[in-house]
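The primary structure of each chain is shown beneath.
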Amino acid sequence: MTNWKVILSIAKTHLLSKMKSTVTASLGVTFGIGAYITLVSFMTGLNKMLDDLVLNQTPHIHLYNEIEPSKTQPISRLAEFEGAFNVVHSIKPKMSQQKIHNALPMMHYLNADPRVRGASPQLRAQIFYLSGSIELGGSLVGVDILEEARLYNMRDYIVQGSAEALKNTDNGILLGAGLAKKMSLDLGDRVQISTVDGTVTPLKIVGIYQSGIAEIDNVRSFSNLKTVQRIQGEAENYVTDINVKLYDIAQAVPMASALEKQFGIKATDIQEANAQFETGSNIRNIITYAVSITLLIVAGFGIYNILSMLIYEKMNDIAILKATGFSGKDVQYIFMSQALLIGLVGGLVGLIVGYILSRLIDKVPFETDALPTITTYPVNFNMGYYLIGITFAFISTFIAGYLPSKKAKKIDPVRIIRGN
Amino acid sequence: MTAMANVLEAKHINKHFRKPVDFHVLKDINFRVARGEFASIMGKSGCGKSTLLYILSTMDTDYEGELYLNDQLVSGLPHEALSKIRNQHIGFVFQFHYLLTEFTVLENVMLPARKLGRKSTEEIEHDAMQHLKTLNIEKLARKTASRISGGEKQRVAIARALINDPDILMGDEPTGNLDSYNAENVFQIFKGLKEEKGLSLLVVTHDQDFADRTDRIIIMEDGRVLP
Ligand SMILES: Nc1ncnc2c1ncn2[C@@H]1O[C@H](COP(=O)(O)OP(=O)(O)O)[C@@H](O)[C@H]1O
Ligand SMILES: [Mg+2]
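Residues numbered from 1 in each chain as written. Chains lettered and ligands numbered in written order. Predicted model: local features only at pLDDT ≥ 70, side-chain atom pairs only at ≥ 80, totals over all residues. Heavy atoms only, no water.

Points about empty space enclosed by the protein
- In the structure shown here, the tally under the stated rule is three cavities of 30 Å³ or more.
- Here the largest cavity is characterised by a volume of approximately 100 Å³.
- Looking at the largest cavity, it is lined by 15 residues, and the ones nearest its centre are Arg86(B), Ile90(B), Gly91(B), Arg160(B) and Ala161(B).
- Counting only elements with at least two residues in the lining of the largest cavity, the list comes to α2 (79-89), β6 (90-93) and α5 (150-162) of chain B.
- Among the elements that take part in the lining of the largest cavity, α2(B) stands out by supplying four residues, more than any other.
- Class assignment of the residues belonging to the lining of the largest cavity gives a composition of seven nonpolar, six polar and two charged.
- Of the volumes computed, that of the second largest cavity is approximately 40 Å³.
- Forming the boundary of the second largest cavity are His14(A), Leu15(A), Lys18(A), Ser21(A), Thr22(A), Ile306(A), Leu307(A), Leu310(A), Gln338(A) and Ile342(A). (1 Å grid on protein atoms, 1.4 Å probe; cavity = no way out; pocket = protein on both sides within 12 Å on 5 of 7 lines; lining within 4 Å. Points joined across faces, edges and corners; volume = space filled by probe spheres on them. Helix = DSSP H or I, 4+ residues; strand = E, 2+ residues; numbered from the N terminus. Nonpolar A, V, L, I, M, F, W, Y, C, P; charged D, E, K, R; others polar.)

Structure follows, in structure tokens:
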């Protein structure tokens, strides 16, 4: 039977009478936890922002026809050469169309699937932007703009004009921000575009599109699907890409491979498309935890030292407590409680310090052309990190307090009493 | 004599110190303390009195032989159980090491009772004040233990030893560090406890005058109790 009330009151008296050491030890924990909260909030805020930047614009599954050489060369089909070792030089890609066969029924099928949030058609056309005598190579993507807005937060990236304006303008274009800058064009101006075979069409600029990724903004513009089909001289079922957004991103991998088999089409899933991206997030997380754990280990050594010293100073108290009926366990609990109280107080103050610092960072202006929707540094306020923080504080102080308190438990009162 | 007549009984107690060399410090110790008896132990310095007292108080478990408290064998019990016995049945007063210096006098006296946990904090505080009154130091209750004189400390230690109404009070030269006035004071307190409350006492002393006025003197020589 452990009498916690007495144990805690003894622990409290010890801590209060050694205010300086207590404050020093607590500050160590405060520092570790405060740094953890600040770092993790900022780093995950940054991760989330970069994730959103890519994830919002990236379909979970992208369906298209890949230009690649035929897997079976004609010679292999000949019965006479079966089992022979055929060498074919200078293989060229198969002449195939980029058009997705039966795109419209496929989209109906996908939109009926309960796992699918939406499947939207695209027609990607290689074109030239004409500006005086200069021709800028680029692409024009024909889209169902309202679906793009619904599924991929397109509105966040239309920095001037609107999605509706494009929908309602027959020959409208959402011009890439980099292109607009290069050609000194503005909302309401007209831009001439030329298809690969030389047909020139004027389009009215009804919006400026800025994704934040320069490589995209310098080449890509958007228009209505119908407009691009007309410019290309194609029928209304001509679609080169289908983008699928799911309710659950985890379904992307199995679904992509199923669709590939079912429709005989190339289907890339988001994990495949953003493999390197994950690595960046992971490295930021590793840095956060490495720094925080290092600080906590330093704090832990501080607590270990202070408790060891305290136990040395309190030998007489320990002997008296044991002589008057406190067990070794009671004595161990007294010193463990001191360590954990330091962890609790230092940890809670650390959470508060971390919160205040995060709030401050959240207020610091952060404006960049690359990120049109961001005005201050991104910070992620997540209760979970505060729980992890206080758990960290307890674990590190528990480990730091364990050995010294174990020593206190084993102290033989007779040796101390004899010592005088 | 009834079975409960003895508070304490030692049977064939032997103890060796093995370091630095083997040293047979206690040799076949046999004796009893009857209920309500005030016994004193005398003997030259180094003859083993303190060593014996640490064994009798259950703090030292490294010995051979049998120790009975209220006719119950306590030798070989686990540490947890011995702590409980010390807390409940034995009061101990040392020559040094009186008190927890950062706690008040009252807190010091209350601690063993709070550990026992049988009474509410209010009751314990009331009892502690009663003991302090009996010992004439109730005015010191709220003082920090490090701020009082040696004689006062010894009386606080006695109050603490009495807080759980022990069966026996043991003292290792409790007056050895006091002037004759304070030593006499402590003797009178012990005598009063025996006469008024029927408390059993076993006190190691160097003071012949002190020992002469106890019920019985146990004399030790070279690790033996003289007959
Ligand atoms: N830890 C120890 N190791 C070895 N010898 C010890 C130890 N403690 C005490 N002694 C020796 O045991 C003998 C008895 O000591 P003690 O019981 O303190 O004597 P007393 O209290 O009668 O003066 C002394 O000779 C002392 O030096
Ligand atoms: Mg001695």
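Thoughts on the nonpolar core
- Among the nonpolar cores identified, the biggest contains 76 residues, and Leu8(B), Phe31(B), Leu56(B) and Leu202(B) are the most heavily contacted of them.
- Top contributing element to this core by residue count: helix α15 (residues 383-410) of chain A, with seven residues.
- Beyond its immediate stretch of four places on either side in the chain, Phe31(B) contacts Leu8(B), Glu9(B), Ala10(B), Leu52(B), Leu56(B), Leu202(B) and Ile218(B).
- Listed in part, the 42 residues of the second largest apolar core include Leu110(A), Ile205(A), Val239(A) and Ile270(A). (Core = buried A, V, L, I, M, F, W, Y, C linked by side-chain atoms within 4.5 Å. Buried < 20%, exposed > 50% of the residue type's maximum accessible area, 1.4 Å probe, protein only. Contact = heavy atoms within 4.5 Å.)

Focus on the site of ligand 1
- The environment of ligand 1 is made up of 13 residues, and the closest members are Gly46(B), Gly48(B), Lys49(B), Ser50(B) and Thr51(B).
- Residues near ligand 1 are shared among chains A and B, making this a multi-chain site.
- Contact distances for ligand 1 include 3.1 Å between an oxygen atom and a side-chain N or O atom of Arg418(A).
- In this structure, Cys47(B) approaches ligand 1 through a main-chain N or O atom, which is 3.3 Å from an oxygen atom.
- Taking 560 Å² as the accessible area of ligand 1 by itself, protein coverage stands at 66%.
- Of all the elements in the fold, those that place two or more residues in the shell around ligand 1 are β2 (23-34) and α1 (49-56) of chain B.
- Of the residues contributing to the shell around ligand 1, the split by class is four nonpolar, five polar and four charged. (Near = heavy atom within 4 Å. Polar contact = N/O pair within 3.5 Å; in protein donor to acceptor, adjacent residues only side chain to side chain. Areas by Shrake-Rupley, 256 points an atom, 1.4 Å probe, with all protein chains shown as cover.)

Structural notes on the pairing of strand β1 (residues 6-17) of chain B
Residue and element names in this part refer to chain B.
- Among the twelve residues of β1, nine are classified as buried, and the element is accordingly described as predominantly covered.
- Sheet analysis places β1 next to β2, joined by eight bridges and oriented antiparallel. Residue pairing across strands places Glu9 opposite Arg32, the latter belonging to β2.
- Joining the antiparallel neighbours β1 and β2 is a turn of five residues. (Pairing = 2+ DSSP bridges.)

Re the environment of Ile216(A)
- Looking at the element boundaries, Ile216(A) is found in helix α8 (residues 214-217).
- Beyond its immediate sequence surroundings of up to four residues, Ile216(A) is in contact with Tyr209(A) and Ser211(A).

Some words on the pairing of strand β6 (residues 190-195) of chain A
All names here are of chain A.
- Here four bridges tie strand β2 (residues 116-131) to β6, and the two strands are oriented antiparallel to one another. Bridge pairing links Tyr129 to Ile193 in β6.
- With five bridges joining them, β6 and strand β7 (residues 200-209) adopt antiparallel strand pairing. Pairing of Val191 across the sheet is with Leu203, part of β7.
- Between the end of β6 and the start of β7, which pair antiparallel, lie four residues, with Gly198 showing a positive phi angle near 100°.

Let's talk about the pattern of salt bridges
- Per the counting criterion, the structure on display carries 20 salt bridges over all chains.
- Put simply, Lys18(A) and Glu313(A) hold a salt bridge, and the shortest N to O gap is 3.2 Å. Of the two residues, Lys18(A) sits in the loop between α1 (4-17) and α2 (19-55) while Glu313(A) sits in helix α12 (residues 275-313), which places them 295 residues apart along the sequence.
- Arg32(B) serves as the salt-bridge partner of Glu9(B), at 3.1 Å between the closest nitrogen and oxygen. Taken together, the residues span a long stretch of sequence, with Glu9(B) in strand β1 and Arg32(B) in strand β2 at a distance of 23 residues.
- Judged by its relative accessible area of 11%, Glu9(B) is buried.
- Salt bridges linked by common partners bring Lys15(B), Asp60(B) and Asp62(B) together as one network. (Salt bridge = Lys/Arg side-chain N within 4 Å of Asp/Glu carboxyl O.)

Examining the domain arrangement of chain A
- The assigned domain composition of chain A is domain 1 (4-55 + 278-419) and domain 2 (61-73 + 94-270).
- Inter-centroid distance (C-alpha atoms) of domain 1 of chain A to domain 2 of chain A is 52 Å. (Domains from an automatic or database assignment.)

Remarks on the confidence of the model for chain B
- The pLDDT averaged across chain B works out to 92; a share of 98% of its residues lies at or above 70.
- Reported for the predicted complex are a pTM of 0.74 and an ipTM of 0.93. (pLDDT = per-residue confidence, 0-100.)

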